[in-house]
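Commentary on secondary and tertiary structure
Residue-level listing of the chains:
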Amino acid sequence: MSFLNTTSRGSLVVAAVVLAAGCRGWDKTPPQGRAAPAPLVYVSDEGGGNVLVIDPARAEIIATIAVGKRSRGLKFSHDGARLYVALSGSPTDGSSIDGVGVVDLTTRSLVRTLPGGQDPAMFDLSPDGETLYVSNQGTAEITVL
């Protein structure tokens, strides 16, 4: 599926865009004799409940990772092995799946959902990678995980 065609139909709601080199960050040096992995773009698709993996060189979606309703803010773990995504059940549908999804970037799958308070939108990871600070949009609170 072409990324450009998807956006031109207006069916993609972009909440955040993150770049990564081969899912391992920009600071890694490739093994001798091997080329550096091409950067990929990770986009949260709030309307579809997915994270899209895009190859910017081909302008194509190369993977779709189902994560749950209203996928929003994205953040890579410090080691680049995981992607965290804010998930928020719609206030109109009565769902209670609010939290922070943890995506394994090797398998490109959701491996767990951490409790993230009501209506998580954005968050940040502490410098030591041990704590998530989540902003809860609907309640004007912060959740610390």
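For the structure given in this document, a descriptive report is provided here. (Residues numbered from 1 in each chain as written. Predicted model: local features only at pLDDT ≥ 70, side-chain atom pairs only at ≥ 80, totals over all residues. Heavy atoms only, no water.)

1. A short note on the side chain of T143
- Mapped onto the elements of the fold, T143 is located in strand β11 (residues 141–144).
- With a relative accessible area of 17%, T143 lands in the buried category.
- A distance of 3.5 Å separates a polar atom in the side chain of T143 from the backbone oxygen of G116.
- Excluding anything up to four places from it in sequence, T143 contacts P115, G116, G117, L132, Y133, V134 and N136. (Helix = DSSP H or I, 4+ residues; strand = E, 2+ residues; numbered from the N terminus. Buried < 20%, exposed > 50% of the residue type's maximum accessible area, 1.4 Å probe, protein only. Polar contact = N/O pair within 3.5 Å; in protein donor to acceptor, adjacent residues only side chain to side chain. Contact = heavy atoms within 4.5 Å.)

2. Remarks on the pairing of strand β4 (residues 60–66)
- Here strand β3 (residues 50–55) runs beside β4; their pairing, made up of six bridges, is antiparallel. When the bridges of β4 are listed, N50 appears paired with A66.
- Where β3 folds back onto β4 in an antiparallel hairpin, the turn is made up of four residues, including A59, whose phi is positive at roughly 55°. (Pairing = 2+ DSSP bridges.)

3. Some words on the sheet that holds strand β8 (residues 109–114)
- As summarised here, the arrangement of the four strands in space is β5-β6-β7-β8, forming an open sheet in which the pairing is antiparallel. Each having just a single partner strand, β5 (71–76) and β8 make up the two edges of the open sheet. Strand-to-strand twist of the sheet, defined as the mean angle between neighbouring strand axes without regard to direction, takes the value 30°.
- Where strand β6 (residues 82–87) lies against strand β7 (residues 99–104), six bridges are found, and the strand directions are antiparallel. What sits directly across from L87, in β7, is G99. (Axes fitted to C-alpha atoms, helices over the stretch in contact; angles between N-to-C directions.)

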